[in-house]
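If you want the building blocks of each chain, they are given just below.
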Amino acid sequence: MKNKITRLIIVSIISLLALSVIQGTLIKNTYDLKKENFINKAKEAISKIDDYTPGLDSLNIKWKTFLMDKLDEYSLNNLTKKEVVNELRRITDSINPLYIEAYNEELKKKKLGYNLKFHKVLKNITLVTERKKDTIFKGKNNPDFKLLGSEFENVKELQVSNSYWHTERSFSREINKKELSVNYELHFESRDYINIDKWQVIVLGKMKLILILSLLIFLVVIALLYYSIKSLITQKKNADIKTDFINNITHELKTPLATLSLATKMLKKEEVKNKPVVIDSVINTIERQNTRLQKLIDQVLNNSLGYHEISLSKQTIVIDQYLNTVLNDFLLSVESKKISFERDCSLKNKIALDKFFVTTALFNILENAVKYGGTKINVSCRIENNKNLCISIVDNGIGISKKNQELLFDKFYRVDTNEIHDVKGLGLGLYYSNQIIKAHKGTILVESEKGKGTTFTIKIPV
Ligand code: ATP
Ligand code: MG
């Protein structure tokens with residue numbers, strides 16, 4: 001059974017983990033989809049700004065014309081590649097403030113609902129002539145060259161598009177009185193990037209409902225699992241306790257029954273029939289065993305009462321008189337055992353209690369003290385805060401570990417017998433004592449250390 005539960009717990013935990021992984025993957029996929037969707041919408045919103053806004057268009061024409069001039073000079077060997085690139089940087093830097101202003105103006109009209117920045121990065125400038133392919137600038141070999149737009153760090157996810165500008169150029173110029181004609185093809189490649197403030201938060205915000213629901217469902221599943229496993233363990237514990245009880249009671253019943261069957265067999269024998277002395281002694285044994293059986297059955301019947309079902313008939317008693325009588329009776333019952341017994345019960349106060357029940361409770365605790373190894377027992381009483389009568393029963397027996405102390409007052413509970421003692425019992429004594437004291441609106445406290453002894457304190461309101 002224990003193995004079964006462990007296996008069940010392991011399987012449940014593995015399933016829970018698998019479920020979490022699946023759930024995690026689903027959420028990640030949803031996030032990716034939402035992200036893509038969000039970025040696509042942003043891209044779409046700005047797609048036409050750069051090319052189709054008259055203000056920006058004229059600025060674009062300005063730097064493009066300027067670049068073409070510089071490339072012409074380069075073709076005539078009047079400029080180096082580096083100078084062309086520097087010139088390009090100069091012109092774009094000079095028109096950039098105007099460009100940003102015009103761009104933002106356009107953005108405002110789009111009413112996006114979030115902060116968006118845009119810029120264009122140069123990737124490649126290549127001139128192709130009849131004879132060769134001449135690379136003026138190659139983005140791969142250089143740090144990003146921002147052409148136009150705002151300053152920000154590029155994120156791969158927010159890359160918008162590559163744009164190509166391809167044009168053919170032919171012109172002629174007179175150099176040293178010679179007409180020189182120049183032809184080239186320009187391949188200009190740039191890449192657009194956008195930047196959106198805290199875009200991940202915006203995307204997650206769009207998934208709020210899914211996230212909250214998944215978290216809730218997850219918590220509910222964990223709670224259910226926890227609850228099921230916990231109740232399974234409790235059930236198993238209860239079942240164990242009941243099995244123990246059945247074993248104990250069977251054992252307790254077997255001895256008197258065996259004696260009774262032996263006694264009847266004896267009485268049937270011819271040679272016994274003529275001996276009145278033997279018959280008397282056998283009848284006494286039968287009577288004793290009968291009483292023992294009766295007592296056992298009474299114990300089980302009585303002790304199954306809960307404190308609601310105990311009806312008290314209280315009478316006022318003087319504490320020291322009452323306690324000393326109970327203790328004297330108890331001492332008589334354990335006369336045969338060597339026990340040093342001390343008491344300190346000289347309170348003259350009066351208190352109302354049900355003598356019969358409280359005596360049973362005290363006897364149960366005192367019997368336990370002797371049963372579980374006590375050789376020195378000390379009983380004392382005091383009035384606490386003018387409110388409670390406290391009776392403490394201290395023994396030097398085998399003690400009870402902290403873990404077991406919590407379960408002590410449960411029905412049928414006995415500390416694992418293999419561990420410390422092989423004393424028989426039904427595990428009902430303390431349960432019943434506790435019910436009795438509860439019926440008096442009091443409590444029983446236990447303090448104990450394994451191997452050192454135990455103190456039970458009964459508190460009954462005065
Ligand atoms: P019974 O129903 O016959 O009294 P029991 O003595 O086993 O059986 P309880 O009196 O309810 O049942 O006690 C429950 C368990 O608590 C005991 O089995 C024992 O292990 C532990 N226990 C009780 N009193 C003491 C004590 N004074 N010292 C050590 N262990 C104790
Ligand atoms: Mg007991």
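Residues numbered from 1 in each chain as written. Chains lettered and ligands numbered in written order. Predicted model: local features only at pLDDT ≥ 70, side-chain atom pairs only at ≥ 80, totals over all residues. Heavy atoms only, no water.

1. Concerning the side chain of His-119
Phase 1 of the analysis: Note on placement: His-119 falls in strand S1 (residues 116-128).
Phase 2 of the analysis: The exposure class assigned to His-119 is buried, which follows from its relative accessible area of 2%.
Phase 3 of the analysis: At 2.6 Å, the side chain of His-119 and the side chain of Asn-154 are in polar contact.
Phase 4 of the analysis: Those residues in contact with His-119 that lie beyond four places of it in its chain are Lys-146, Leu-148, Gly-149, Ser-150, Phe-152, Asn-154, Arg-191, Asp-192 and Tyr-193. (Helix = DSSP H or I, 4+ residues; strand = E, 2+ residues; numbered from the N terminus. Buried < 20%, exposed > 50% of the residue type's maximum accessible area, 1.4 Å probe, protein only. Polar contact = N/O pair within 3.5 Å; in protein donor to acceptor, adjacent residues only side chain to side chain. Contact = heavy atoms within 4.5 Å.)

2. Considering the site of ligand 1
Phase 1 of the analysis: If you check the shell around ligand 1, you find 22 residues, and the closest are Asn-368, Tyr-372, Arg-414, Leu-428 and Leu-430.
Phase 2 of the analysis: A distance of 3.5 Å is found between an oxygen atom of ligand 1 and a backbone nitrogen or oxygen belonging to Val-415.
Phase 3 of the analysis: Gly-427 is positioned such that a nitrogen or oxygen atom in its backbone is 3.0 Å from an oxygen atom of ligand 1.
Phase 4 of the analysis: The fraction of the free accessible surface of ligand 1 (590 Å²) that becomes covered by protein chains is 96%.
Phase 5 of the analysis: It is helix H10 (residues 355-371) that provides the largest number of residues to the shell around ligand 1, a total of three residues.
Phase 6 of the analysis: Split by residue class, the shell around ligand 1 holds eleven nonpolar, eight polar and three charged. (Near = heavy atom within 4 Å. Areas by Shrake-Rupley, 256 points an atom, 1.4 Å probe, with all protein chains shown as cover. Nonpolar A, V, L, I, M, F, W, Y, C, P; charged D, E, K, R; others polar.)

3. A closer look at the sheet that holds strand S9 (residues 376-384)
Strand pairs in the sheet, formed through backbone hydrogen bonds, run parallel or antiparallel to each other.
Phase 1 of the analysis: Strand order in this open sheet of five strands is S7-S9-S10-S12-S11, and the pairing throughout is mixed. Of all the strands in the sheet, just strand S7 (340-344) and strand S11 (443-449) have a single pairing partner and so form its edges. Taking each pair of neighbouring strands and ignoring which way they run, the sheet shows an average axis angle of 15 degrees.
Phase 2 of the analysis: Here helix H9 (residues 319-333) sits on the sheet in contact with S7, S9 and strand S10 (388-395), set at roughly 170 degrees to S7.
Phase 3 of the analysis: Relative to S10, H10 is tilted by about 25 degrees, and along the sheet it contacts S7, S9, S10, S11 and strand S12 (453-461). (Pairing = 2+ DSSP bridges. Axes fitted to C-alpha atoms, helices over the stretch in contact; angles between N-to-C directions.)

All quantities given are derived from atomic positions and should not be read as evidence of function.
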